[in-house]
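Chain by chain, the residues run as shown.
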Amino acid sequence: QAVLSWAHNRNELAQKEFEMAGLSRHSSPPDWRSDVVYQIQVDRFNNGKLSNDALNLPPTQVQNENTANLYGLPQYRHGGDIQGIIDRLDYLVDLGITTLWVTPILQHTGDYHGYCTTDPTQVDPGFGTNEEFRNMVTEAHKRNIKVVLDIVVNHMCDRETTYSVTPNHSDCYNNLWGSYWSGSPSGNVPGQGSLSFSPSFFPPFRSDYFFNRCG
């Protein structure tokens, strides 16, 4: 009930902020086959704001980027951000694209790809701000470019949260699979683990209830 209340309040707040900003919605086309879709991996596209380059870096990058130790190098952030996309929108127009597909920009664990969300209500500081994201969408719409967000909703991440009870992955998976097919997906099943949430874990979802806990 608390999470439903939180979600309701968040939606109301978002609607009010949207209306106050004077923005307009860009409807989805009834048929996507004629659209030219261009996907951008945000961190790897264009660095438009050097001042956020050192924000929310992965631990291995913080430890090793100024040393001869190359461990974790492929996971380093390169500095691409929302401002970098804004700066290249005219280039995207020249390419002839009609839809921009953006990889996850929500706050995450620091890995360049952004697919490990820690807070679904905020833009990751290494990519920019909520306001910069709104501006990107507005500027894209001015150029008749639709924006599609890649958003991860089937898991959340936190580097400090651990299992207090270790799961048995195969047992957990098989038992959950069986319970779903039987039409009774609620409750615990044999093999599931139990999570020990850190204080930094996103508060509304700080409960075993929201996770399959199969490891």
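Just above, that's the structure.
Cut-offs and rules
Residues numbered from 1 in each chain as written. Predicted model: local features only at pLDDT ≥ 70, side-chain atom pairs only at ≥ 80, totals over all residues. Heavy atoms only, no water. Pairing = 2+ DSSP bridges. Helix = DSSP H or I, 4+ residues; strand = E, 2+ residues; numbered from the N terminus. Axes fitted to C-alpha atoms, helices over the stretch in contact; angles between N-to-C directions. Contact = heavy atoms within 4.5 Å. Disulfide = S-S within 2.5 Å. Buried < 20%, exposed > 50% of the residue type's maximum accessible area, 1.4 Å probe, protein only. 1 Å grid on protein atoms, 1.4 Å probe; cavity = no way out; pocket = protein on both sides within 12 Å on 5 of 7 lines; lining within 4 Å. Points joined across faces, edges and corners; volume = space filled by probe spheres on them. Nonpolar A, V, L, I, M, F, W, Y, C, P; charged D, E, K, R; others polar. Salt bridge = Lys/Arg side-chain N within 4 Å of Asp/Glu carboxyl O.

K.L.:
I keep staring at the pairing of strand β2 (residues 99-102) and nothing clicks. Help me out?
P.N.:
Every other side chain in a regular strand lies on the same face of the sheet, so the side chains alternate between the two faces. Bridge count between strand β1 (residues 37-40) and β2: four bridges; the pairing is parallel. In the sheet register, Val-37 faces β2, and the bridge partner there is Thr-99. In this structure, β2 lies alongside strand β5 (residues 146-149), joined through four bridges in parallel fashion. Its bridge partner lying in β5, Thr-99 is registered against Lys-146.

K.L.:
Can you help me understand the sheet that holds β5 in this one?
P.N.:
Across a sheet, strands are paired by hydrogen bonds formed along the backbone, either parallel or antiparallel in direction. Across the sheet, three strands lie side by side as β1-β2-β5; this open sheet has parallel pairing. The open sheet has two edge strands with one neighbour each: β1 and β5. For this sheet, the mean angle separating the axes of adjacent strands, direction not counted, is 25°. Helix α6 (residues 130-142) rests against β2 and β5 of the sheet, and its axis sits at about 140° to β5.

K.L.:
Could you clarify how one ought to interpret the state of the cysteines in this entry?
P.N.:
Here a disulfide denotes a covalent bond joining the sulfur atom of one cysteine to the sulfur atom of another. Applying the stated criterion to the full structure yields two disulfides. Across the disulfide from Cys-116 sits Cys-157; the S-S distance is 1.7 Å. As the torsion about the S-S bond is roughly -85°, the Cys-116-Cys-157 disulfide counts as left-handed. Within this pair, whereas Cys-116 is found in the loop between β3 (106-108) and β4 (117-123), its partner Cys-157 is found in the loop between β5 and β6 (162-165), the two being separated by 41 residues in sequence. A relative accessible area of 12% places Cys-157 in the buried class. The side chain of Cys-172 participates in a disulfide bridge whose partner is Cys-214; the two sulfur atoms lie 2.0 Å from each other.

K.L.:
I'm lost on empty space enclosed by the protein in this one. Help?
P.N.:
One water molecule sets the probe size; rolling that probe over the atoms shows where empty space is left. For the structure on display, the rule yields one cavity of 30 Å³ or more. In this structure, the largest cavity encloses a volume near 30 Å³. Every residue along the wall of the largest cavity is listed here: Asp-43, Asn-52, Asp-53, Leu-55, Leu-57, Arg-77, Gly-79, Gly-80 and Gly-126. Partitioning the lining of the largest cavity into residue classes produces two nonpolar, four polar and three charged.

K.L.:
Just checking my understanding: could you explain the pairing of β4 for this structure?
P.N.:
Buried residues dominate β4, accounting for five of its seven residues. Relative to β4, β3 runs antiparallel, the two being bridged by three bridges. Bridge pairing links Leu-106 to Val-123 in β4.

K.L.:
I tried to follow the pattern of salt bridges on my own but got confused; where do I start?
P.N.:
Pairing between side chains of opposite charge can happen when their charged atoms approach one another. Tallying each qualifying case throughout the model produces 11 salt bridges. Note that Arg-77 and Asp-124 form a salt bridge whose closest N and O atoms lie 3.0 Å from each other. Of this pair, Arg-77 sits in the loop between α3 (59-64) and α4 (82-87) while Asp-124 sits in the loop between β4 and α6, placing them 47 residues apart in sequence. The exposure classification of Arg-77 matches that of Asp-124, with both residues buried. Glu-139 is the salt-bridge partner of Arg-143, the closest N and O atoms lying 3.0 Å from each other.

Read these as layout, nothing more, since geometry by itself doesn't imply function.
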